[in-house]
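Read off the chains here:
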Amino acid sequence: MVEIRLVEKSDLENLQEFWNRNVVNDPITVPLLEEKFQGDPDYTPKLNLVAVDNSRIVSFMQGIVRELPPEKRGWIKMFATDVHYRRQGLATQLFEQIENEMRRQGVSRIGMLDSAPNYLQPGIDPFYTEAVAFVERHGFRRCGDTSNLKADLKKLNLDTQAEELEALKRGITIRRAVESDRPQVTAFLARYFLAWIYEVSNMFQNNPISLHLAFMGDKLVAFSGHNGNNFNTGWFGPMGTNPHKRGLGIGGILLKRCLNDTKLAGFEYSIIPWVGPIPFYMHYADAHVCRVFWRYEKRLLK
Ligand SMILES: CC(C)(COP(=O)(O)OP(=O)(O)OC[C@H]1O[C@@H](n2cnc3c(N)ncnc32)[C@H](O)[C@@H]1OP(=O)(O)O)[C@@H](O)C(=O)NCCC(=O)NCCS
């Protein structure tokens, strides 16, 4: 008989095997799965459910709730049902339990997968057509789309020395972040890019710190980082330049520095997710769209 229960820590290896068998375009590792559970600052055990048949995982759904004043928002971050157990209402049962808990917590709306700062993908890839049918059946409305780009690191010249010398002549210094930059970086993000504080704070845990900064005098004007979400997959971003300092070529240099780190770490490709200004990434990194995602939302409160 199929039983629904909370995910336990000891499930992770089975969950990884289950996931990779059923969500074929998004294979995951156990460390990456751990990042999606305990690695999420808002991880709540009771929003992580599995359906189990004879101790075999046959369906899984992960929810997350984030306080984003003045709202409390919820997301379904990952979900799947074993191919042999589909269309039996299992994902529906898991979803209803999570949705009820989110309503109880006063969540205003539920998103699908795009649960920044910790997410696997920024929406539903319509390749998973059953997932499209599922979310539309459950009252989600499509509210946009986004894409991931892929940069082929083997083909790129990522040497920024000459550009950095030119920038220096214009009073712009570019370097890797050091621990003592944290307060200034946090203040800069709080002012211009509040949503990215968490991902960037993860970059300070990496060795070397996976964050590059641009200064005019001693004032921070731009940043670019990588490996702050989906660790060790070649995941780029976020990056941002002070709105008054754009168009000076700073972003291009910062982007290349990050891609170079990724290349030196042994990756052939970097994923530039949830884009954003496609022409910018095409121009500096010959990046091309590799995945398209549909974004969905369900309002719980009017
Ligand atoms: C999407 C998925 C989780 C649905 O799981 P499930 O347990 O089969 O879902 P349910 O049985 O609860 O389906 C509920 C409703 O969704 C819709 N639906 C689900 N699969 C469908 C299909 N193959 N064709 C048409 N409608 C479908 C139907 O409206 C269904 O209700 P109904 O059977 O009463 O008509 C499953 O197909 C899956 O694991 N897909 C691959 C992984 C994936 O896409 N994950 C999400 C992105 S990472």
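Everything discussed here concerns the structure shown above.
Conventions adopted
Residues numbered from 1 in each chain as written. Predicted model: local features only at pLDDT ≥ 70, side-chain atom pairs only at ≥ 80, totals over all residues. Heavy atoms only, no water. Near = heavy atom within 4 Å. Polar contact = N/O pair within 3.5 Å; in protein donor to acceptor, adjacent residues only side chain to side chain. 1 Å grid on protein atoms, 1.4 Å probe; cavity = no way out; pocket = protein on both sides within 12 Å on 5 of 7 lines; lining within 4 Å. Sits in = over half its atoms within 2 Å of the grid points. Helix = DSSP H or I, 4+ residues; strand = E, 2+ residues; numbered from the N terminus. Nonpolar A, V, L, I, M, F, W, Y, C, P; charged D, E, K, R; others polar. Buried < 20%, exposed > 50% of the residue type's maximum accessible area, 1.4 Å probe, protein only. Pairing = 2+ DSSP bridges. Contact = heavy atoms within 4.5 Å. Salt bridge = Lys/Arg side-chain N within 4 Å of Asp/Glu carboxyl O. Phe/Tyr/Trp six-rings, centres within 6.5 Å; stacked < 30°, edge-to-face > 60°. Axes fitted to C-alpha atoms, helices over the stretch in contact; angles between N-to-C directions. Left-handed = near helix turned anticlockwise from the far one by under 90°.

Draft legend 1. Region of the structure containing the site of the ligand. The full set close to the ligand counts 18 residues, and Phe 79, Thr 81, Arg 87, Gly 89 and Thr 92 are the nearest of them. Between the ligand and Arg 87, the relevant distance is 2.7 Å, taken from an oxygen atom to a main-chain nitrogen or oxygen of the residue. At 2.8 Å from an oxygen atom of the ligand is found a main-chain nitrogen or oxygen belonging to Gly 89. With respect to the pocket detection grid, the ligand is positioned in the second largest pocket. Listing elements by their share of the shell around the ligand, those giving two or more residues are strand S4 (71–81), helix H3 (90–104) and helix H4 (129–137). Along the lines of polarity and charge, the residues of the shell around the ligand split into nine nonpolar, five polar and four charged.

Draft legend 2. Geometry of the pairing of strand S10 (residues 236–241). In terms of burial, S10 is largely enclosed, as six of its six residues are buried. Note: strand S9 (residues 219–226) against S10, four bridges, orientation antiparallel. What sits directly across from His 226, in S10, is Phe 236.

Draft legend 3. The arrangement of the environment of Pro 273 in detail. Here Pro 273 shows up in strand S11 (residues 269–275). We classify Pro 273 as buried; its relative accessible area is 12%. In this view, Pro 273 contacts Tyr 119, Ser 147, Asn 148, Trp 235 and Phe 236; residues no more than four positions away in its chain are not counted.

Draft legend 4. Local environment of the pattern of salt bridges. The final tally for this structure, using the stated rule, is 29 salt bridges. Among the ionic pairs, Arg 5 bridges to Glu 8, the shortest N-O distance being 3.8 Å. On the basis of relative accessibility, which here comes to 41%, the residue Glu 8 falls in the partly exposed class. In this structure, Glu 99 and Lys 298 form a salt bridge, with 2.8 Å as the shortest nitrogen-oxygen distance. Of this pair, Glu 99 sits in helix H3 while Lys 298 sits in strand S12 (residues 288–299); the two residues are 199 residues apart in sequence, bridging distant segments of the chain.

Draft legend 5. Representation of unusual backbone geometry. Of note, the bond from Pro 69 into Pro 70 is cis; its omega dihedral lies within 30 degrees of zero at 10°. Take Pro 70: it is sitting in the loop between strand S3 (56–68) and S4. Here the residue pair Ala 116 and Pro 117 is connected by a cis peptide bond, since its omega of 10° sits within 30 degrees of zero. Here Ser 55, not a glycine, exhibits a phi torsion of approximately 60°, which is positive. In this fold, Ser 55 is placed in the loop between strand S2 (48–53) and S3. Residue Trp 274 is not a glycine yet carries a positive backbone phi of 55°. In this fold, Trp 274 is placed in strand S11.

Draft legend 6. Representation of the packing of aromatic side chains in the model. Enumeration over the complete set of coordinates arrives at 19 aromatic pairs. Ring geometry for Trp 19 against Phe 60: centres 6.2 Å apart, planes inclined by 80°, an arrangement best described as edge-to-face. Within this pair, whereas Trp 19 is found in helix H1 (residues 12–22), its partner Phe 60 is found in strand S3, the two being separated by 41 residues in sequence. Accessibility expressed as a relative area gives 1% for Phe 60, which makes it buried. Pairing Phe 236 with Tyr 281 gives two aromatic rings, centres 6.0 Å apart and planes at 75°, and the pair type is edge-to-face. One end of the pair, Phe 236, is in strand S10; the other, Tyr 281, is in helix H9 (residues 278–285), and 45 residues separate them in sequence. Like Tyr 281, Phe 236 is buried.

Draft legend 7. Structural detail: the packing of helix H8 (residues 250–264) against H9. Where H8 meets H9, the closest approach of the two axes is 10 Å, and the angle between their N-to-C directions is 65°. Every pair of crossing elements has a handedness; the one defined by H8 and H9 is right-handed. On H9, the residues that touch Gly 251, Gly 252, Leu 255, Lys 256 and Leu 259 of H8 are Phe 280, Tyr 281, Tyr 284 and Ala 285. Of the residues in the contact of H8 with H9, the class split is six nonpolar, two polar and one charged.

Draft legend 8. The arrangement of the sheet that holds strand S1 (residues 2–6) in detail. Taken together, eight strands build an open sheet; the order of strands is S1-S2-S3-S4-S5-S12-S6-S11 and the sheet is mixed. On the outer flanks of this sheet lie S1 and S11, each paired with one strand and no other. Between one strand axis and the next, the sheet turns through 20° on average, direction left out of account. In terms of strand pairing, S4 meets strand S5 (residues 109–112) through four bridges, oriented parallel. Along S5, the bridge assignment pairs Ile 76 with Met 112. Contacts between H9 and the sheet are confined to strand S6 (141–152), S11 and S12, with S6 contributing the most and set at about 5° to the helix.

Remember, this is a structural readout, not a statement about activity or role.
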